[in-house]
Amino acid sequence: MIKTTTTKYEELSQWIKNRILDGSFPVGTKIPSENELSVQFGYSRQTVRQAIGTLETQGYLVRSKGSGTYVHRPSRQSREEVTMRIGVVTTYFDDYIFPGIIHGIEEVLTNNHYSMCLGITHNKQSDEENCLKQMLDNGVDGLIVEGTKSALPNVNGTLYREIVDKGIPIVFINGYYRDYCDSYVVMDDVLAGELLTDLLVKKGHKKIGGIFKSDDIQGLKRYEGMQRAAKRNHVIIQDTAVLWYTTEDFPYLFDGNLDEAILSRLNDVSAIICYNDQTAASMIKMFSRYSFRIPKDYSIVSFDNSFLADDAAYGLTSAIYPSQEIGHKAASLILKRIQKPDYSEKIVLNPSIEERSSVLDLTQTNFK
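Rules used in this analysis
Throughout this document, residue positions are counted from 1 along each chain, in the order its sequence is written. Totals for whole chains, interfaces and linings use every residue, but because this is a predicted model, local features are given only for residues with pLDDT of at least 70 and side-chain atom pairs only at 80 or more, for both listing and counting. Where side-chain values are given, they derive from all heavy atoms of the structure, hydrogens and water being excluded. Each aromatic pair joins two rings of Phe, Tyr and Trp (for Trp, the six-membered one) with centres within 6.5 Å, and gets the label stacked for planes under 30 degrees apart, edge-to-face for over 60, and tilted for any other angle. Helical segments are the DSSP runs of H or I of at least four residues, strand segments are the runs of E of at least two, and each set is numbered from the N terminus. The buried label goes to any residue with under 20% of its type's maximum accessible area, the exposed label to any with over 50%, and the partly exposed label to all in between, with areas taken from a 1.4 Å probe on protein chains only. Over a ring means this: the NZ of a Lys or the CZ of an Arg is within 6 Å of the ring centre and within 35 degrees of the ring normal. Salt bridges are identified by distance alone: a Lys or Arg side-chain nitrogen within 4 Å of an Asp or Glu carboxyl oxygen. Every residue pair with non-hydrogen atoms within 4.5 Å of one another is taken to be in contact. To count as a disulfide, a pair of cysteine sulfur atoms needs to be within 2.5 Å. Should DSSP find at least two bridges between two strands, the strands are taken to pair. For every residue, the predictor assigns a confidence score, pLDDT, that lies between 0 and 100. To get an axis, fit a line to the C-alpha atoms, keeping to the stretch in contact for a helix; angles then go from 0 to 180 degrees between the N-to-C directions. Should an angle fall under 35 degrees it is called roughly parallel, over 145 degrees roughly antiparallel, and 65 to 115 degrees roughly perpendicular, with every other angle called oblique.

(A) Just the packing of aromatic side chains, in detail. One pass over the structure, following the stated rule, counts 17 aromatic pairs. An angle of 50° between the planes, with centres 5.7 Å apart, marks the rings of Y160 and F172 as tilted. Here Y160 is found in helix α6 (residues 157–165), whereas its partner F172 is found in strand β6 (residues 170–173), with 12 residues between them in sequence. Both residues of the pair, Y160 and F172, belong to the buried class. Through successive ring pairs, a cluster of aromatic residues spans W15, F25, F41 and Y43. The ring of Y275 has R222 lying over it, and the distance from NZ or CZ to the ring centre is 5.1 Å.

Here it is in structure tokens:
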């Protein structure tokens, strides 16, 4: 039941509109009938009819006589001019996987005579809000967004609805918000987690731990992949051997003050799955402070296959993150959505694993 804070028809109208915007009621599908909505919410037929009429006026719905009411497309407020600019919002910029993403986006946009307007959020929701507002003020034809703290409730939902109402298409990369998953380009993080876990099991590891990021959806999906593969291989992942951290935790996680707690949680495992190469590198530095050797004492795998995974750096076995391909596909998709406002696509790229020297093969040793 909807809690009424304004008039009933306005509440119902907003409820229907939200489901159109988040894809629950896709374009071209029929919404529940007036009678069904009346029963569901306990409203009169007149109230339901008024709510639907409001959305018809705005262009969200269209009635077909004798058939029902269908989702048309979200209201498009005409922009004053075409800017030939695409706004790109990422959490970080100048290191790790991001140069590849941005280079891939810029390459496609330049070839199509578009320029790029870049905003950095540092994975802070307030910075995301400021970036989006600034881009709206300056004018952009579309947005490519890496969601900020994508595993948490989206505090900028109202702003995203405003962007959609203005007719500005959005493509998300790396992750997406549950309420706004119309179009995105991501790596299959669940599958990546499964592949890394399968590799460890194949090499004889039965006691596996992990450390994951809890405020980004990638962390949850990578953990899901680990658990799926563990169950399939009849390996039990102990809850005590899985550590979680947030963006704000990371600077303090490996400064030495928590070493004892981390080591005690991972004392009984032979292998550790890390959220990304950066986390894995920090884990290796921590282990070296106590003379633990990789991979003899602990095997470590991670995600992203960044410069940190290279043999000259840490020699990490890592899931390959196709940064430039994601940039290319995101830019191509946003241009397609500009040309065809009703078009949407969800692109999921399959991962692969780059094996290096960070995993000990227990099947070839006397270790158990």
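(B) Seen up close, unusual backbone geometry. Along the chain, I294 connects to P295 via a cis peptide bond; the corresponding omega equals 10°. With respect to the element layout, P295 can be found in the loop between α11 (277–289) and β11 (299–304). A positive phi angle, near 60°, is found at M84, a position not held by glycine. Topologically, M84 is positioned in the loop between β2 (68–71) and β3 (85–90). Its identity is not glycine, yet K149 carries a phi of approximately 45°, on the positive side. Checked against the element boundaries, K149 lands in the loop between β5 (142–146) and α6.

(C) Fine view of the pattern of salt bridges. Evaluated as defined, the whole model comprises 20 salt bridges. Taking the shortest distance from any N to any O, the salt bridge between D216 and K213 comes out at 2.7 Å. Across the pair, exposure class does not vary: D216 and K213 are buried alike. Taken together, the salt bridges that share partners define one network made up of E34, R45, R49, E56 and R63.

(D) Spotlight on α6. The set of residues buried in α6 consists of G157, L159, Y160, I163, V164 and D165. The inward-facing, buried residues of α6 abut α1 (8–21), α5 (125–138), β5 and β6. One or two residues past the end of α6 sits G167, with phi positive at roughly 80°.

(E) Expanded view of the state of the cysteines. Enumeration over the complete set of coordinates arrives at 0 disulfides. The thiol of C117 is unpaired, and the distance to the nearest cysteine sulfur, on C131, comes to 8.8 Å.

(F) Representation of the pairing of strand β7 (residues 184–187) in the model. Burial of β7 is two-sided: the residues Y184 and V186 facing one way and the residues V185 and M187 facing the other way are all buried. Two strands pair when backbone bridges link them, and β6 and β7 are joined in this way by 2 bridges, in the parallel orientation. The residue of β7 that forms the bridge with F172 is Y184. Where β7 lies against strand β13 (residues 346–349), 4 bridges are found, and the strand directions are parallel. Each residue of the ladder has a partner; that of M187, found in β13, is L349.

(G) Region of the structure containing the confidence of the model for the chain. The share of residues in the chain with pLDDT of 70 or more is 95%, and the mean pLDDT across the chain is 91. Scored below 50 in pLDDT, residues 1–5 makes 10 contacts in the model with residues more than four places away or belonging to other chains. Predicted confidence for residues 75–80 stays below pLDDT 50, and this span has 15 contacts to residues more than four positions away or in other chains.

(H) Broad picture of the packing of α1 against α6. Interhelical geometry of α1 versus α6 gives an angle of 75° and a closest axis separation of 11 Å. By the angle between their axes, α1 is roughly perpendicular relative to α6. Two secondary-structure elements touch here, α1 through Q14, K17, N18 and L21 and α6 through R161, V164 and D165.

(I) How the structure looks around the sheet that holds β6. Strand order in the open sheet formed by 6 strands is β4-β3-β5-β6-β7-β13, and the pairing between neighbours is parallel. At either margin of the open sheet sits one strand with a lone partner, and together these are β4 (115–120) and β13. Strand-to-strand, the axes of this sheet are offset by a mean angle of 15°, without reference to chain direction.

(J) Layout of the sheet that holds strand β12 (residues 317–320). The strand order across the open sheet formed by 6 strands is β9-β8-β10-β11-β12-β14, and the pairing between neighbours is mixed. On the outer flanks of this sheet lie β9 (242–245) and β14 (353–354), each paired with one strand and no other. Of the pairings in the sheet, the one linking β12 to β14 comprises 2 bridges and is antiparallel in character. Pairing of A319 across the sheet is with I353, part of β14. Contacting β8 (208–213), β9, β10 (271–274) and β11, helix α8 (residues 217–232) crosses the sheet at an angle of about 165° to β8. Along the sheet, α11 contacts β8, β9, β10, β11 and β12; its crossing angle with β11, the most-contacted strand, is approximately 155°.

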